[in-house]
Amino acid sequence: MKQIAERTSLAYVASPQDAKAMASAGADCMVPHVGATRGGLVGQEEGQSLKEAIRRINEIHAAARSIRSNVLSLCHGGAIAKPEDTIEVYRTTECVGFVGASSIDRIPIERAVKTAAAEFKAVPLPQTH
């Protein structure tokens, strides 16, 4: 059985400099935050591409690893908004997971509420006599 460390720290980082600072401070896991999650009713519709997000993740991960070789990376934000986006991130980075927020808790709920509202709206009103 794999031994689990007594303490594990996770740090959201937005730049290679942040990653170096947090790795130097002892953070075990970096979460390259590559911008506000796209999509949904209030998400960003414009911004970097998935390719650009992956480039930034790799830069941030490399910076952290230049300080500590055993740092793990997760991914979060920006164009990483759907499960298929994470597939591409895992294929092209050393990320070992995804930190879901809007992609899991906001956007799916918005879709479900919009669908339910549309279904109720589609019900014909009773005819008055």
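Note that residues are indexed from 1 along each chain, following the sequence as it is written. pLDDT decides what is reported in this predicted model: residues at 70 or higher carry local features, side-chain atom pairs at 80 or more are listed and counted, and totals for whole chains, interfaces and linings draw on all residues regardless. Note that water and hydrogens are dropped before the side-chain values are worked out from all heavy atoms of the structure.

1. A short note on the sheet that holds strand 1 (residues 10-13)
Stage number 1. Two strands qualify as a pair provided that DSSP identifies no fewer than 2 bridges between them. The helix count covers DSSP runs of H or I at least four residues long, the strand count covers runs of E at least two residues long, and both are numbered beginning at the N terminus. Strand order in this open sheet of three strands is 1-2-3, and the pairing throughout is parallel. What marks the edges here is a single partner per strand, and that holds for strand 1 and strand 3 (72-73).
Stage number 2. Inspection of the sheet shows strand 1 paired to strand 2 (residues 29-32) by four bridges, in the parallel sense. Bridging across to strand 2, tyrosine 12 finds its partner in valine 31.

2. Some thoughts on the pattern of salt bridges
Stage number 1. Salt bridge, as applied in this entry: a Lys or Arg side-chain nitrogen positioned within 4 Å of an Asp or Glu carboxyl oxygen. Considering all chains together, one arrives at six salt bridges under this definition.
Stage number 2. Where arginine 65 meets glutamate 94, a salt bridge forms, and the shortest distance between an N and an O atom there is 3.2 Å. Placement of arginine 65 in helix 2 (residues 50-67) and of glutamate 94 in the loop between helix 3 (83-92) and helix 4 (102-122) is noted, with a sequence separation of 29 residues between them.
Stage number 3. Relative accessible area decides the class of each residue, using a 1.4 Å probe on protein chains only: under 20% of the type maximum gives buried, over 50% gives exposed, and in between gives partly exposed. Note on arginine 65: relative accessible area 30%, which makes it partly exposed.
Stage number 4. Three or more residues are tied together by salt bridges with common partners; here these are Glu52, Arg55 and Glu59.

3. Here we look at the packing of helix 2 against helix 3
Stage number 1. The interhelical angle for the contact between helix 2 and helix 3, taken along N-to-C directions, is 40°, at an axis separation of 10 Å. Of the possible angle classes, the one that applies to helix 2 and helix 3 is oblique. As helix 2 packs across helix 3, the resulting crossing turns out to be right-handed. For the pair helix 2 and helix 3, contact is made by Leu50, Ile54, Ile57 and Asn58 and by Asp85, Glu88, Val89 and Thr92, respectively.
Stage number 2. Any residue outside Ala, Val, Leu, Ile, Met, Phe, Trp, Tyr, Cys, Pro, Asp, Glu, Lys and Arg is labelled polar, Gly included; the first ten of those are nonpolar and the last four are charged. Among the residues making up the contact of helix 2 with helix 3, the classes are represented as four nonpolar, two polar and two charged. Fitted lines through C-alpha atoms serve as axes, helices being fitted only where they are in contact, and the angles separating the N-to-C directions of these axes extend from 0 to 180 degrees. Roughly parallel refers to an angle under 35 degrees, roughly antiparallel to one over 145, roughly perpendicular to one between 65 and 115, and oblique to any angle outside these ranges. Left-handed describes a crossing whose near helix is turned anticlockwise from the far helix through less than a right angle; right-handed describes the clockwise counterpart. By definition in these notes, contact holds between two residues if any of their heavy atoms fall within 4.5 Å.

4. Focus on the side chain of threonine 93
Stage number 1. Mapped onto the fold, threonine 93 is located in the loop between helix 3 and helix 4.
Stage number 2. Here a polar contact means two N or O atoms within 3.5 Å. Within protein one must be a hydrogen donor candidate and the other an acceptor candidate, and residues neighboring in sequence count only if both atoms are side-chain atoms. Of the polar contacts made by the side chain of threonine 93, one reaches the backbone oxygen of valine 89; its length is 2.7 Å.
Stage number 3. A distance of 3.1 Å separates the side chain of threonine 93 from the backbone nitrogen of cysteine 95, its partner in a polar contact.
Stage number 4. The residues contacting threonine 93, other than those within four sequence positions of it, are Ile54, Ile57 and Asn58.

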